[in-house]
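# Results of the structural survey
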Amino acid sequence: MTLAIALVLALASTALVNVAYLQEHAAASSLQPRSPRRPLSSLRVLLSDRRWVVGIGMESAAFALSVVALALAPLALVQSVGVGGIGLHALGTARFGARPRSAREARGAAGGAGTALAAGLSWRARCR
């Protein structure tokens, strides 16, 4: 039962961090240009945007969920779920982004998600 809870928390963390990345990117891309030569000014601009701050909050919550999942399950299992988030991110970017993903990107996302699934299944087989 503990392992199932950890997997649900890891999946929730992965989904939340990907939504947060999309939120932060959408917010940051609509703001005035920032410069790495003026980091405090850039930080001020980002912190003044509510959508970007909400994205950072979501990312922090995802990190907390991941920490709890790691307390309940082995690192390899939680990481394999996190890596599977690459597929979720590619899907979310294509679905909510400005451009559709290419066939090459779709194959890469499917490969990443498949690799993560295989890693999770192999861990499960070793535990029996």
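Predicted, not measured: the structure shown is a model, and the values here were computed from it.

Another point: the overall build of the chain. Counting its regular elements, the chain contains 5 helices and 0 strands. The order of α-helices and β-strands along the chain, N terminus first, is α-α-α-α-α. Put simply, the chain has 128 residues, and 27% of those count as buried. A separation threshold of at least 6 residues defines the contact pool for the chain, and within that pool the share at least 24 residues apart is 73%. With the model as given, the accessible surface of the chain reaches about 8500 Å², and the carbon-plus-sulfur share is 66%.

With that settled, the discussion passes to the environment of Ala109. Tracing the backbone shows Ala109 in helix 5 (residues 103-126). Residue Ala109 is classed as buried on the basis of its relative accessible area of 10%. For Ala109 and Leu91, which are 18 residues apart along the polypeptide, the C-alpha to C-alpha distance reads 8.1 Å. Other than its neighbours up to four places away in sequence, Ala109 contacts Gly87 and Ala90.

Time to look at the nonpolar core. If you look at the biggest cluster of nonpolar residues, it comprises 8 residues: Ala6, Leu9, Ala10, Ala69, Ala73, Leu77, Val78 and Val81. Where this core is concerned, the elements lending two or more residues are helix 1 (2-29) and helix 4 (75-96). When residues no more than four places from it in sequence are discounted, the contact partners of Ala69 are Ala6, Leu9, Ala10 and Val78.

Between side chains of opposite charge, a pair can form when the charged atoms approach closely. Across all of its chains, the model carries 1 salt bridge by this definition. With a closest N to O distance of 3.9 Å, Asp49 and Arg51 form a salt bridge. For Asp49, a relative accessible area of 13% corresponds to the buried category.

Thresholds applied
Residues numbered from 1 in each chain as written. Predicted model: local features only at pLDDT ≥ 70, side-chain atom pairs only at ≥ 80, totals over all residues. Heavy atoms only, no water. Helix = DSSP H or I, 4+ residues; strand = E, 2+ residues; numbered from the N terminus. Buried < 20%, exposed > 50% of the residue type's maximum accessible area, 1.4 Å probe, protein only. Contact = heavy atoms within 4.5 Å. Areas by Shrake-Rupley, 256 points an atom, 1.4 Å probe, with all protein chains shown as cover. Core = buried A, V, L, I, M, F, W, Y, C linked by side-chain atoms within 4.5 Å. Salt bridge = Lys/Arg side-chain N within 4 Å of Asp/Glu carboxyl O.

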